[in-house]
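The primary structure of each chain is shown beneath.
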Amino acid sequence: MYEVTLRRREPVAERTLAFYFDKPAGFSHDAGQNVMLSLIEPPAMDAAGPSRPFTLASAPHEPELMIATRMRDSSFKRHLGSVPLGTRLEMDGPAGLLVLHEDVSRPAVFLAGGIGITPFLAMARDAEKRKLPHRIVLFYSNRRPRDAAFLAELERLQGDRFRLVTTMTDAPEWRGERRRISRELLAEHLPDLRSPIYYFAGPPGMTMAVQGMLSELGIAEDDMRSEEFYGY
Ligand SMILES: Cc1cc2nc3c(=O)[nH]c(=O)nc-3n(C[C@H](O)[C@H](O)[C@H](O)COP(=O)(O)OP(=O)(O)OC[C@H]3O[C@@H](n4cnc5c(N)ncnc54)[C@H](O)[C@@H]3O)c2cc1C
């Protein structure tokens with residue numbers, strides 16, 4: 001258990017904030033892992049209580065810890081969104097197995113729904129920093145461009161080893177891809193659907209749909225790693 005100090009808040013998409021904390025001495029994590037954040041002596045809370053799990057969207061080499069979340073009307077988020085900078089929170093972790101595999105002969109396919117981008121942002125930053133040889137394709141699905149946190153940064157990170165496929169499913173003006181993540185979309189961008197290890201994160205409806213689609217494609221359970229962001 002650590003204590004962390006809130007340093008700043010920044011908007012990263014519509015109704016979506018990034019929160020930055022000092023990294024406590026002795027803390028380290030792998031890109032893709034999460035922590036449990038708890039308010040200390042919170043005001044009256046609703047039934048969901050004073051703690052929430054969040055993925056660390058910052059990469060391990062960064063001096064600060066960062067999480068990003070959709071701001072909704074739960075008492076936890078109202079409080080997190082309004083406490084003074086300098087407020088301390090409890091942090092438990094890191095935890096979680098959504099970390100990049102070691103076998104570099106196998107590509108990684110990341111499938112992100114909305115704020116489910118957080119583990120993949122950390123992994124993309126980490127892969128860039130450490131010059132990891134993995135081939136990575138990120139499919140990033142949002143309703144509209146203004147919902148897509150960190151999109152400009154992800155576009156900049158593209159290169160020989162990291163490709164981005166962005167889809168906006170509810171934006172008639174969007175000139176790029178607008179289909180949901182589907183078998184057809186994957187097949188158009190991946191030369192071989194069977195060789196990658198698939199990672200996916202997002203709201204439960206999205207992760208359930210992706211799991212079903214990958215199972216239908218015959219992808220083995222061992223080749224799927226996911227995080228369901230319950231509460232959405
Ligand atoms: C490993 C992990 C990583 C996550 N990373 C992020 C992230 O990076 N960014 C982000 O925005 N969100 C993330 N989430 C989701 C986050 O923890 C919150 O649940 C979400 O932000 C909604 O919080 P809320 O305060 O808006 O809603 P809440 O008021 O918390 O509503 C939550 C609802 O979920 C229900 N619930 C509570 N616990 C569970 C449970 N264990 N299983 C099923 N349902 C439950 C509650 O009963 C309630 O109805 C992550 C979740 C997990 C598990």
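All of these numbers come straight from a predicted model, not from anything done at the bench. (Residues numbered from 1 in each chain as written. Predicted model: local features only at pLDDT ≥ 70, side-chain atom pairs only at ≥ 80, totals over all residues. Heavy atoms only, no water.)

## With respect to the sheet that holds strand β7 (residues 108-113)
Argument step 1. Strands sit in the order β9-β8-β7-β10-β11 across an open sheet of five strands; the sheet is parallel. If you trace the sheet from one side to the other, it starts and ends with β9 (162-168) and β11 (224-228), each paired once. In this sheet, adjacent strand axes meet at a mean angle of 10° when their direction is disregarded.
Argument step 2. Direction of pairing for strand β8 (residues 136-142) relative to β9: parallel, over a ladder of seven bridges. Bridging across to β9, phenylalanine 139 finds its partner in valine 165.
Argument step 3. Relative to the sheet, helix α2 (residues 118-129) contacts β7, β8, β9 and β10 (197-202), its axis offset from that of β10 by approximately 135°.
Argument step 4. Sitting on the sheet, helix α5 (residues 204-216) touches β7, β10 and β11, and the angle it makes with β10 is about 160°. (Pairing = 2+ DSSP bridges. Helix = DSSP H or I, 4+ residues; strand = E, 2+ residues; numbered from the N terminus. Axes fitted to C-alpha atoms, helices over the stretch in contact; angles between N-to-C directions. Contact = heavy atoms within 4.5 Å.)

## Focus on the nonpolar core
Argument step 1. Judged by nonpolar contacts, the single largest core of 39 residues is most densely connected at Phe110, Phe120, Leu138, Tyr140, Phe150, Leu154 and Tyr199.
Argument step 2. Counting residues per element, this core draws most heavily on α2, at six residues.
Argument step 3. Residue contacts for leucine 138: discarding those within four places in its chain leaves Phe110, Ala112, Ile117, Phe120, Leu154, Phe162, Arg163, Leu164 and Val165. (Core = buried A, V, L, I, M, F, W, Y, C linked by side-chain atoms within 4.5 Å. Buried < 20%, exposed > 50% of the residue type's maximum accessible area, 1.4 Å probe, protein only.)

## A closer look at the domain arrangement of the chain
Argument step 1. In terms of domains, the chain is made up of domain 1 (2-95) and domain 2 (108-228).
Argument step 2. Overall, the association of domain 1 and domain 2 removes approximately 1,400 Å² of surface from exposure, summing both partners, and the carbon and sulfur fraction of that is 59%.
Argument step 3. Among the residues domain 1 hides against domain 2, the three largest losses belong to Glu14, His61 and Arg70. Together they make up 32% of the total.
Argument step 4. Summed over the shared surface of domain 1 and domain 2, the result is three salt bridges.
Argument step 5. Linking domain 1 to domain 2 there are seven residue pairs in polar contact (both at pLDDT 80 or more). (Domains from an automatic or database assignment. Buried area = accessible area lost by both parts, 1.4 Å probe. Salt bridge = Lys/Arg side-chain N within 4 Å of Asp/Glu carboxyl O. Polar contact = N/O pair within 3.5 Å; in protein donor to acceptor, adjacent residues only side chain to side chain.)

## Side note on the packing of aromatic side chains
Argument step 1. Within this structure, the stated rule accounts for four aromatic pairs.
Argument step 2. Centroid distance tyrosine 2 to phenylalanine 27: 5.2 Å. Interplanar angle 85°. Geometry classified as edge-to-face. Of this pair, tyrosine 2 sits in strand β1 (residues 2-13) while phenylalanine 27 is found in the loop between β2 (16-22) and β3 (34-39), placing the two residues 25 residues apart along the sequence.
Argument step 3. Since its relative accessible area comes to 24%, tyrosine 2 is described here as partly exposed.
Argument step 4. Overall, phenylalanine 27 belongs to the buried group, its relative accessible area being 6%.
Argument step 5. Among the aromatic residues, those joined into a cluster by ring pairs are Phe110, Phe120 and Tyr199.
Argument step 6. Sitting over the ring of tyrosine 20, arginine 8 keeps its end group 3.8 Å from the ring centre. (Phe/Tyr/Trp six-rings, centres within 6.5 Å; stacked < 30°, edge-to-face > 60°. Lys NZ or Arg CZ within 6 Å of the ring centre and 35° of its normal.)

## So, the pattern of salt bridges
Argument step 1. Summed over the entire model, instances satisfying the criterion amount to 15 salt bridges.
Argument step 2. Look at the salt bridges and you will find they share partners, linking Glu14, Arg144, Arg146 and Asp147 into a network.

## Here we look at the pairing of β7
Argument step 1. Across the six residues that make up β7, a large majority, six, are buried.
Argument step 2. Here β7 shows no split at all, with Ala108, Phe110 and Ala112 on one side and Val109, Leu111 and Gly113 on the other all buried.
Argument step 3. Pairing analysis gives six bridges linking β7 to β8, with the strands arranged parallel. When the bridges of β8 are listed, alanine 108 appears paired with isoleucine 136.
Argument step 4. Remark: the β7/α2/β8 crossover connection has right-handed handedness.
Argument step 5. Of the pairings in the sheet, the one linking β7 to β10 comprises five bridges and is parallel in character. (Right-handed = clockwise from strand over helix to strand, strands pointing away.)

## Some thoughts on the site of the ligand
Argument step 1. In the neighbourhood of the ligand, 20 residues make up the surrounding shell, with Pro53, Thr69, Ser74, Tyr230 and Tyr232 lying closest.
Argument step 2. One nitrogen or oxygen atom from the side chain of serine 74 is found 2.5 Å from an oxygen atom belonging to the ligand.
Argument step 3. When the ligand is considered free in solution it has 980 Å² of accessible area, and contact with the protein chains removes 71% of it.
Argument step 4. Of all the elements, strand β4 (residues 51-55) adds the most residues to the shell around the ligand, at four residues.
Argument step 5. In terms of residue class, the shell around the ligand is made up of eight nonpolar, six polar and six charged.
Argument step 6. Summarising the domain contributions, the shell around the ligand has at least three residues from each of domain 1 (2-95) and domain 2 (108-228). (Near = heavy atom within 4 Å. Areas by Shrake-Rupley, 256 points an atom, 1.4 Å probe, with all protein chains shown as cover. Nonpolar A, V, L, I, M, F, W, Y, C, P; charged D, E, K, R; others polar.)

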